Amino acid sequence: MSASDCRQHCVQVALGPRSYTIRIGRGLLAEAAQHLRAAAPNLSQAALITDRNVEPLYAAPLQKQFQSAGIPTNVLVVEPGEASKTIAVATRLWEALLQDGADRKTVVVAVGGGVVGDLAGFVAAAYARGVRLYQVPTSLLAQVDSSVGGKVGVDLPKAKNMVGAFWQPVGVLIDPATLHTLPEREYISGLAEVVKYGMILDADLLVRLEQQVEAIRRRDEEELAWVVARCCRLKADVVEQDEREETGLRAILNYGHTFAHAFETLTGYSQLLHGEAVAMGMDCAARLAVRLGRLDTETALRQRRLLEALGLPIQPPSLDPEQVLEVMRRDKKASHGRLRFILPDRLGHVELVESVPADEVRVVLRTGNNT
Ligand SMILES: NC(=O)c1ccc[n+]([C@@H]2O[C@H](COP(=O)([O-])OP(=O)(O)OC[C@H]3O[C@@H](n4cnc5c(N)ncnc54)[C@H](O)[C@@H]3O)[C@@H](O)[C@H]2O)c1
Ligand SMILES: [Zn+2]
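Residues numbered from 1 in each chain as written. Chains lettered and ligands numbered in written order. Predicted model: local features only at pLDDT ≥ 70, side-chain atom pairs only at ≥ 80, totals over all residues. Heavy atoms only, no water.

### As for the site of ligand 1
Residues in close proximity to ligand 1 total 26 residues, the closest being Asp51, Glu82, Thr138, Ser139 and Thr181. Between ligand 1 and the protein, one listed contact pairs an oxygen atom with a side-chain N or O atom of Asn53 at 3.0 Å. Ser139 is positioned with one of its side-chain polar atoms (N or O) 2.5 Å from an oxygen atom of ligand 1. Compared with its free state, where it exposes 870 Å², ligand 1 has 86% of that area covered by protein. Of all elements in the fold, only α2 (54–68), α4 (114–126), α5 (140–146) and β8 (159–166) reach the threshold of two or more residues within the shell around ligand 1. (Near = heavy atom within 4 Å. Polar contact = N/O pair within 3.5 Å; in protein donor to acceptor, adjacent residues only side chain to side chain. Areas by Shrake-Rupley, 256 points an atom, 1.4 Å probe, with all protein chains shown as cover. Helix = DSSP H or I, 4+ residues; strand = E, 2+ residues; numbered from the N terminus.)

And the structure:
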């Protein structure tokens with residue numbers, strides 16, 4: 001199947017022999033078997049990995065569909081949530097694959113949010129030294145971020161995403177209709193990454209988001225298909241140029257994330273959803289950029305108005321700025337304890353700024369959102 005067969009949106013990810021197509025459109029789930037076969041020729045069977053929430057909604061119907069299409073299919077279910085992203089759960093899945101007779105022609109199909117995608121991807125990357133992975137992301141975060149780019153992995157007790165691989169999928173299938181069942185808070189949280197793409201790379205996307213706030217909030221499928229496709233294209237552009245995070249370009253995807261990771265760490269990963277922390281982090285980063293004379297106040301306020309209109313929080317939790325700074329200095333993306341940030345200098349453009357004075361960060365953390 002070629003891109004011209006694409007009924008709605010297709011994003012080609014050009015990575016030489018690891019190239020693949022991301023298909024985005026309403027109703028695509030109903031044709032998943034045909035897309036899976038096209039992306040994974042000669043498959044012997046499918047192993048659907050999902051979580052307990054997504055299983056009845058999307059994995060069970062997909063199993064039925066695949067079996068009707070003559071693809072032997074097993075469903076492996078994990079508990080929902082980050083706690084499933086462990087080596088222990090991966091081991092259980094490898095044993096289940098072995099039990100089900102999975103071989104090198106088996107395709108692992110990840111059906112769920114980012115947790116399922118990262119975990120199932122890691123399971124696929126290592127089983128039998130690597131079997132094919134197909135992604136069917138069902139959360140907004142997974143559709144615009146985690147299913148694109150090939151980063152897969154699990155957490156260590158003290159370090160998120162510490163063990164993993166770069167393992168590109170053979171295809172990604174995104175049906176925006178799945179977003180209707182996503183809990184409101186999860187949905188809104190995913191919108192933070194969407195705003196991030198606009199701020200770092202695409203002023204036009206940002207303007208469109210401003211105009212379409214109402215359609216986005218009611219989860220209009222046409223609008224979402226467009227927005228998700230645009231975000232996938234933007235991430236794919238970055239990944240194509242820096243697949244393994246070697247040139248530094250991929251770092252721009254971490255806009256707002258240095259602050260966000262510190263907020264998540266210090267609140268024990270229980271209070272904030274990732275996108276909520278990212279929204280707060282982007283507001284902090286924009287205010288920091290204003291303080292450093294790199295961004296005009298109006299652009300920082302414009303970002304804030306959009307985040308708020310989409311329902312995202314921007315006021316960080318009250319934390320000791322010294323603790324926040326300490327966590328930031330330990331961040332694996334910090335260079336030798338120096339503070340570096342991805343900061344916007346205009347709409348749709350960011351820069352990596354090295355050696356930011358700690359005092360400026362302190363002020364940003366202390367003043368909260370009273371720019
Ligand atoms: N690999 C990458 O490049 C990358 C990038 C960003 C984030 N991540 C990872 O992604 C994970 C977070 O992903 P997430 O936010 O999707 O969390 P998640 O996978 O935990 O999903 C959030 C919740 O929504 C439920 N859910 C998912 N889709 C649903 C649907 N359509 N209807 C109803 N419920 C649904 C899930 O069961 C879960 O309870 C983190 O582990 C993070 O590290 C990875
Ligand atoms: Zn993120």
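### A few points about the coordination of the zinc ion (ligand 2)
The coordination sphere of the zinc ion (ligand 2) contains the protein donors Glu193 (OE), His257 (NE2) and His274 (NE2), at a distance range of 2.0 to 2.2 Å. All donor residues of the zinc ion (ligand 2) come from one chain, and their arrangement in sequence is E-x63-H-x16-H. Of the two residues, Glu193 is situated in helix α6 (residues 184–201) and His257 in helix α10 (residues 257–266); the sequence distance between them amounts to 64 residues. (Donors = N, O, S within 2.8 Å, 3.2 Å for Na, K, Ca; no water.)

### Some points on the pairing of strand β5 (residues 106–112)
The element β5 is largely enclosed, with a buried count of seven among its seven residues. Going residue by residue along β5, you find Thr106, Val108, Ala110 and Gly112 tucked away on one face and Val107, Val109 and Val111 tucked away on the opposite face as well. Two elements, strand β3 (residues 45–51) and β5, share six bridges in a ladder whose sense is parallel. Its bridge partner lying in β5, Gln45 is registered against Thr106. Relative to strand β6 (residues 132–137), β5 runs parallel, the two being bridged by six bridges. Across the sheet, the residue bridging to Val108 is Leu133, located in β6. Following the chain from β5 across α4 to the adjacent parallel β6, one finds a crossover that is right-handed. (Buried < 20%, exposed > 50% of the residue type's maximum accessible area, 1.4 Å probe, protein only. Pairing = 2+ DSSP bridges. Right-handed = clockwise from strand over helix to strand, strands pointing away.)

### Structural notes on the domain arrangement of the protein
Split by domain assignment, the protein resolves into domain 1 (3–180) and domain 2 (185–367). Interface area, domain 1 with domain 2, both sides summed: about 2700 Å², of which 62% is carbon and sulfur. The three residues of domain 1 that bury the most area against domain 2 are Leu140, Val144 and Phe166, which together make up 22% of that side's buried surface. Across the domain 1-domain 2 interface, the total number found is five salt bridges. For Asp145, the salt bridge goes to Lys235, with nearest N and O atoms at 2.8 Å. At the boundary of domain 1 with domain 2, the tally comes to 13 residue pairs in polar contact (both at pLDDT 80 or more). By residue class, the composition of the side of domain 1 that touches domain 2 is 15 nonpolar, eight polar and five charged. (Domains from an automatic or database assignment. Buried area = accessible area lost by both parts, 1.4 Å probe. Salt bridge = Lys/Arg side-chain N within 4 Å of Asp/Glu carboxyl O. Nonpolar A, V, L, I, M, F, W, Y, C, P; charged D, E, K, R; others polar.)

### Structural notes on the nonpolar core
Ranked by internal contacts, the top residues of the largest apolar core, which has 79 residues, are Ile22, Phe259 and Val361. It is helix α9 (residues 221–241) that provides the largest number of residues to this core, a total of eleven residues. When residues of this core are sorted by domain, at least three fall in each of domain 1 (3–180) and domain 2 (185–367). Counting residues in each nonpolar core, the second largest holds 23 residues, with Ala47, Val78, Leu93 and Phe122 among its members. (Core = buried A, V, L, I, M, F, W, Y, C linked by side-chain atoms within 4.5 Å.)

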